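# Structural characterization, general
Residue-level listing of the chains:
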Amino acid sequence: MKPTDITNPEYFHKVVDCQYACPAHTPVPEYIRQIAAGRYSDAYMINWESNVFPGVLGRTCDRPCEPACRRGRVEEQPVAICRLKRVAADYKDDVRTRMPKPAEANGRKIALVGAGPASLTVARDLAVLGYTCHVFDGQSKGGGFMRSQIPSFRLPETVLDEEIGYITDLGVVTHYDTWVDSMKGLLERDYDAVFVGSGAPRGRDLPGLPGRTEASDNIHIGIDWLASVAFEHTTEIGRRVLVLGGGNTAMDCCRTARRLGGDDVRVVVRSPRAEMKASPWEIEDAVAEDIPIYDNHVPKEFVVENGRLAGMLFEKVEAVYDEKGKRSLVPTGEDPVFFPCDDVLIAIGQHNAFPWIERDIGIEFDEWDMPVLSRKTFQSTNPKVFFGGDAAFGPENIITAVAHGHQAAVSIDLFLRGEDVERRPAPGFSLVSQKMGVHEWSYDSAVTIDARRVVPHADKDRALRDRKLEVELGFDPATAYEEAERCLNCDVQTVFTDKLCIECDACVDICPMDCINFIDNGDEPELRQKLRVPAHNQEQDLYVSGPLKTGRVMVKDEDVCLHCGLCAERCPTSAWDMQKFLYTVTKAGSVCAG
Amino acid sequence: MSYVRPSFRHPQLPANELGLTRRDYEGSLSTLCSGCGHDSISGAIIQACFELSIPPHKVAKLSGIGCSSKTPTYFLGKAHGFNSVHGRMPSVATGANLANRDLIYLGMSGDGDSASIGLGQFGHVVRRNLNMIYIVANNGCYGLTKGQDSATADVGSVSKAGKVNPFEPIDLCTLALHQGATFVARSFSGDKDQLVPLLKAAIAHKGFAFIDVISPCVTFNNTPQSTKGYEFVRDHIEATGKIDFVPMKSEITAKYEPDFTHEVTLHDGSVIHLYKGDKELDVLDRRSALTAIENHKEAGRFLTGLLYMEPENNDLHDTLGTTRKPLRDLNEAELCPNNHALQVINDSLR
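What you see is a predicted model; the values in this text were computed from it and never measured. (Residues numbered from 1 in each chain as written. Chains lettered and ligands numbered in written order. Predicted model: local features only at pLDDT ≥ 70, side-chain atom pairs only at ≥ 80, totals over all residues.)

Along the backbone of chain A there are 22 helices and 22 strands. The C-alpha radius of gyration computed for chain A amounts to 26 Å, which stays within 12% of the reference 25 Å derived for 594 residues, consistent with globular compactness. Overall, the C-alpha framework of chain A stretches about 90 × 65 × 50 Å when taken along its three principal axes. A buried classification covers 48% of the 594 residues belonging to chain A. (Helix = DSSP H or I, 4+ residues; strand = E, 2+ residues; numbered from the N terminus. Rg over C-alpha atoms; globule rule 2.2 N^0.38 Å. Buried ≥ 20, exposed ≤ 12 C-beta atoms within 10 Å, placed from the backbone.)

A separate point is the overall build of chain B. Of regular secondary structure, chain B possesses twelve helices and 13 strands. A compact globule built from 350 residues should have a C-alpha radius of gyration of about 20 Å, and chain B, at 21 Å, falls within 12% of that. Across the 350 residues in chain B, those meeting the buried criterion constitute 49%.

Moving on to the environment of leucine 175 of chain B. By secondary structure assignment, the location of leucine 175 of chain B is in helix H6 (residues 172-178). Sequence separation of leucine 175 of chain B and alanine 115 of chain B is 60 residues, and the distance between their C-alpha atoms is 9.8 Å.

This part takes up the packing of helix H3 (residues 28-36) of chain A against helix H8 (residues 81-91) of chain A. The axes of two packed helices give the description: the angle between them and the distance between them. All names here are of chain A. Across the interface, H3 lies against H8 with an axial gap of 10 Å and an inter-helix angle of 50 degrees. Classified by the angle between their axes, H3 and H8 sit oblique to one another. Considering the relative orientation of H3 and H8, their crossing is left-handed. Each of Val28, Tyr31, Ile32 and Ile35 in H3 lies in contact with H8, whose residues at this interface are Ile81, Leu84, Val87 and Ala88. The residue makeup of the contact of H3 with H8, split by class, is eight nonpolar, no polar and no charged. (Axes fitted to C-alpha atoms, helices over the stretch in contact; angles between N-to-C directions. Parallel < 35°, antiparallel > 145°, perpendicular 65-115°, else oblique. Left-handed = near helix turned anticlockwise from the far one by under 90°. Contact = placed C-beta atoms within 7 Å. Nonpolar A, V, L, I, M, F, W, Y, C, P; charged D, E, K, R; others polar.)

Residue and element names in this part refer to chain A. Parsing chain A into structural domains produces domain 1 (99-201 + 352-416) and domain 2 (203-349). The centre of domain 1, based on its C-alpha atoms, is set 32 Å off from the matching centre of domain 2. Of the residues lining the interface, six residues belong to domain 1; the matching set on domain 2 comes to nine residues. Per-class residue counts for the side of domain 1 that touches domain 2 are three nonpolar, two polar and one charged. (Domains from an automatic or database assignment.)

Non-glycine residue glutamate 232 of chain A carries a positive phi angle of around 60 degrees. When you line up the elements, glutamate 232 of chain A lands in the loop between helix H13 (222-230) and strand E7 (240-244). We classify glutamate 232 of chain A as exposed; it has 8 C-beta atoms within 10 Å. In the Ramachandran plot, lysine 146 of chain B falls in the positive-phi region, its phi being about 80 degrees despite a non-glycine side chain. Inspection of the secondary structure puts lysine 146 of chain B in the loop between strand E5 (141-142) and strand E6 (148-149).

Let us look at the environment of aspartate 282 of chain B. Residues and elements named next belong to chain B. Turning to its location among the elements, aspartate 282 is positioned in the loop between strand E12 (271-275) and helix H9 (286-298). Using a count of 16 C-beta atoms within 10 Å as the deciding quantity, one classes aspartate 282 as partly exposed. Remark: the alpha-carbon pair of aspartate 282 and isoleucine 237, spanning 45 residues in sequence, is separated by 19 Å.

Residues and elements named next belong to chain A. One open sheet holds the five strands; their spatial order is E3-E2-E1-E4-E16, and the pairing between them is parallel. The open sheet has two edge strands with one neighbour each: strand E3 (173-175) and strand E16 (385-387). Neighbouring strand axes in the sheet, compared pairwise and without regard to direction, differ in orientation by 20 degrees on average. Taken together, the four bridges between strand E1 (residues 109-113) and strand E4 (residues 193-196) define a ladder with parallel strand orientation. Looking at E4, one finds that valine 113 is bridged to valine 196. The strands that helix H9 (residues 117-127) touches are E1, strand E2 (132-136) and E4; relative to E2, the one it contacts most, it runs at about 165 degrees. The strands that helix H17 (residues 398-416) touches are E1, E4 and E16; relative to E4, the one it contacts most, it runs at about 170 degrees. (Pairing = 2+ DSSP bridges.)

What follows concerns the nonpolar core. Formed by 214 residues in total, the largest nonpolar core has its most connected members in Ile35 and Phe195 of chain A together with Val184 of chain B. Among the elements that line this core, the one with the most residues is H17 of chain A, at ten residues. Once you skip the residues sitting within four places of it in the chain, phenylalanine 195 of chain A turns out to touch Ile110, Leu112, Val113, Ser119, Val122, Phe386, Gly388, Ala408 and Ile412 of chain A. Counting residues in hydrophobic clusters, the runner-up holds 38 residues, among them Val268, Ile293, Phe314 and Ile348 of chain A. (Core = buried A, V, L, I, M, F, W, Y, C linked by C-beta atoms within 7 Å.)

This next bit is on the interface of chain B and chain A. Each partner contributes to the interface: chain B provides 22 residues, whereas chain A provides 29 residues. Of all the secondary-structure elements, those providing two or more residues to the side of chain B that touches chain A are helix H1 (37-51) and helix H8 (230-236) of chain B. Top element by residues in the side of chain B that touches chain A is H1 of chain B. It accounts for four residues. A per-class count over the side of chain B that touches chain A returns eight nonpolar, ten polar and four charged.

Let us now look at the sheet that holds strand E6 (residues 219-221) of chain A. All names here are of chain A. Judged by pairing direction, the sheet is parallel, and its five strands sit side by side in the order E6-E14-E7-E8-E9 without closing on themselves. At either end of the open sheet lies a strand with only one pairing partner, and these are E6 and strand E9 (293-294). In terms of strand pairing, strand E8 (residues 264-268) meets E9 through two bridges, oriented parallel. When the sheet's bridge partners are listed, valine 268 is paired in E9 with tyrosine 294.

It is worth spelling out helix H15 (residues 280-288) of chain A at this point. Side chains of residues three or four places apart in an α-helix project in the same direction, reflecting 3.6 residues per turn. Residue and element names in this part refer to chain A. Every buried residue of H15 is accounted for by Glu282, Ile283 and Ala286. The buried residues of H15 occupy an angular sector of 100 degrees when the element is viewed end-on, so they sit on one face. Residues of H15 that are exposed and angled more than 90 degrees away from the buried face: Pro280 and Glu284. In this structure, the buried residues of H15 make contact with helix H14 (248-259) and E8. (Arc of directions from axis to C-beta.)

With that settled, the discussion passes to the pairing of strand E4 (residues 132-138) of chain B. Residues and elements named next belong to chain B. With seven of seven residues buried, E4 lies mostly within the body of the structure. In the sheet, strand E3 (residues 104-110) pairs with E4 via five bridges, with the strands oriented parallel. Within E4, the residue paired with methionine 108 across the bridge is isoleucine 135. Across seven bridges, E4 lies against strand E8 (residues 208-214) in parallel orientation. Each bridged residue has a counterpart across the sheet, and for isoleucine 135 the counterpart in E8 is isoleucine 211.

Bringing H17 of chain A into the picture now. Residue and element names in this part refer to chain A. With 19 residues, H17 ought to run about 27 Å at 1.5 Å a step, and its terminal C-alpha atoms sit 26 Å apart, in line with that. Most of H17 sits inside the fold, with 17 of its 19 residues counted as buried. At the exit of H17 stands glycine 418, carrying a positive phi of roughly 80 degrees. (Expected span 1.5 Å × (residues − 1).)

A word on the packing of H1 of chain B against helix H7 (residues 192-204) of chain B. All names here are of chain B. As a packed pair, H1 and H7 sit with axes 9 Å apart at the nearest point and diverge in direction by 55 degrees. Here H1 is positioned oblique relative to H7, judged by the angle of their axes. In this structure, H1 crosses over H7, and the sense of that crossing is right-handed. Side by side, H1 and H7 meet where Ser40, Gly43, Ala44, Ile45, Gln47, Ala48 and Glu51 of the first sit next to Lys192, Leu195, Val196, Leu199, Lys200 and Ile203 of the second. Looking at the contact of H1 with H7 residue by residue, the class counts come to seven nonpolar, three polar and three charged.

This part takes up the environment of aspartate 205 of chain A. All names here are of chain A. On the secondary structure map, aspartate 205 appears in the loop between strand E5 (202-203) and E6. Sequence separation between aspartate 205 and alanine 37 is 168 residues, and the spatial gap between their C-alpha atoms is 50 Å. Not counting residues within four places of it along the chain, the set of residues in contact with aspartate 205 comprises Ile221 and Ile346.

The next point concerns the confidence of the model for chain B. All names here are of chain B. Averaged over chain B, the pLDDT score is 91; the fraction of residues at 70 or greater is 96%. pLDDT under 50 marks residues 251-256. Its contacts with residues more than four places away, or in other chains, come to five contacts. Both scores are available for the predicted complex, with the pTM at 0.89 and the ipTM at 0.87. (pLDDT = per-residue confidence, 0-100.)

As structure tokens, then:
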């Protein structure tokens, strides 16, 4: 293999598993160290810079970082990254003085459709550069689906208001209660660019099912119903409630129904439980509130008695997989199952709808009626119009919307500066030695086996009586410190300088994970096989040095390296050094080098 | 400075016949200097014992004083150990071995411990052919007392202090050969590919097995002019041939390269294969070994690898006709024969 090019920031970026997995590439270990040091405000600002909504995400994020966490590969449970983020938000001081000031207007105006996470991210990134941002939303407050779909018992309104406030304080002009019904009309006004962050606002229905029309008074679309609850138009529901669907919206629906008077709430899913789309922790929380989940039940009919919904019939199925792993749900032939109920909430997915975008204004739509976009620039076929969040490629999550927002902001800035939007400024990175003395590192290098801490919950009876009472209480500072200490500091990289190596084997002998090898070079499959412990995890790279004095090369399997620094501590010539790698995603306002 | 090693282990760490992993053969975290050759020797011992599936509690580690003699703390943490007086490890090893011949005796010594203060003890343990593995971690200096030249420092070698050593070195391999050692080898701490099979062969060998391991002192004796620094050794090393150790238990399949020049069967049925061996050296001939060492020395080279072995020999127990049982297993009847037995002895002396 060729020597690894560590001057390419993508190499070490991939080693920081959590940051790499995060759509917004938040520097996770960097802020976790600040939390461990009790510097919550610093931790918060690192987050704010990168993901805009630390308090919201610390409660509601889909956590793509956690399955990626290295600790999950060497121990059972990953670091509770998401809940540590919340700690930063919960215990920070007043950070208003740290926030950027509104910049002097540069004379450019941007319209943003929808006040959800994608639009707000674009607004934040561009407002500080002097762009005047006008945000339009049909709801009476900002936040988009963060406000309308995430129930208060998971995300208190105060947290949302605070973090949206940091953005509107930058001089962003908000037009709430303003429904945009024509893109043409918007384009005819004096906006230099338009960003569409209008989400995926339409909940899927079951229009063809018998009884749907007759029982429509007691059948509700999940996301609309949640919005109605959030804005307090709906305050109660029947005693017996069926929730259809297995995603996070279904979980939010069933738990909300429990708080609005539903005491027999059941979730009914088509697929096997293991394939439910909801995050495992959301399912756990629902089950903990005495909500049973019936899987492999396909809705067959809304049963109407005396002109009123009486219950639902379901067909029992089982999942059968063909040789390609494609699933089909095959009826078991058993009698249909009847569940009596007073109300049904349909939470079986949502989709995009752009009835307000005229099709003759240069914005092309594809066969699925989605805008044709560049995945890199988020620019539509009308160069003035950009998309992001769920409106871009269909329903995802908050952190993905934020990531889209950042990239769209970069594009809009480039576009309005007259630059090529395809030519993106490179991400920033730094690599700095952490050596403090002969055997001292500036980070806490000791690694111990340590179980994940559990977040305490509010008393169930109280929580079920109060829709707004937050269920998760968050870590206290002492527990947060313990959990933060579980972080392996994957951003502190093992950097190897082949010219300094005397091949004494000290690093090989000391490495607790048998990652380091000095062997004859070969191609990658051969090297992977020849290591002290063969490197079977193909998703993790091999770090290969140039040829050493004996003709061999150093090969390190990045897979289970603990970043404990023992190799560097044991190295007599400092051929190994522990260097902190900080990767920063390109931000709007950056300029291409050269 | 880290004083504990994380207790994490690679999830796919291979296990040996006993179900133990290499990690089960480790000891405490070394406190030797970073990059010390001795730590590599510990690593090689760990590897050899792991590969041979030796139950750690069947090993007794014995040592004297010095950096080398600290190392038993850093391997086989679950084995027995005795850190004895400077240069007196052979006496303790002899006593322990005579009391219980069922253990594997692993003596860990250094050039100071064996070639200076312990030279007398060394000569005697060799000539008695005590069944043990005797390793000298040879760095040519007294690292524990700031790097003075030791008795194995070569003439002309310059340590960190900057003074040229004027004295003739003691070659412990030559000495061991002269004193009748039944297994003699030399190796280099930076060459585990050679050291591990040598250690395995030494463990399988019955009788006194001596391995002199050149082990650079990174702190005091790793200068470009030192003949025991990493660079000099790498540039001047020559091997008697590649060595393969085939344990008695493993089936001899065609996996091993067929073109070996020597095949030696050990007392326990294990086999050693030597490849591309030095044509002038016959590892079964003591005189040939001495000549080969001298020839290489004249040419300014280190000859490493297996130098000599005598698979069939009488160890100290055979010579003394001692009891097969460990002394602690002897019961009262065996320890105190009755009056009749005494009369028989007395009669035989009349």
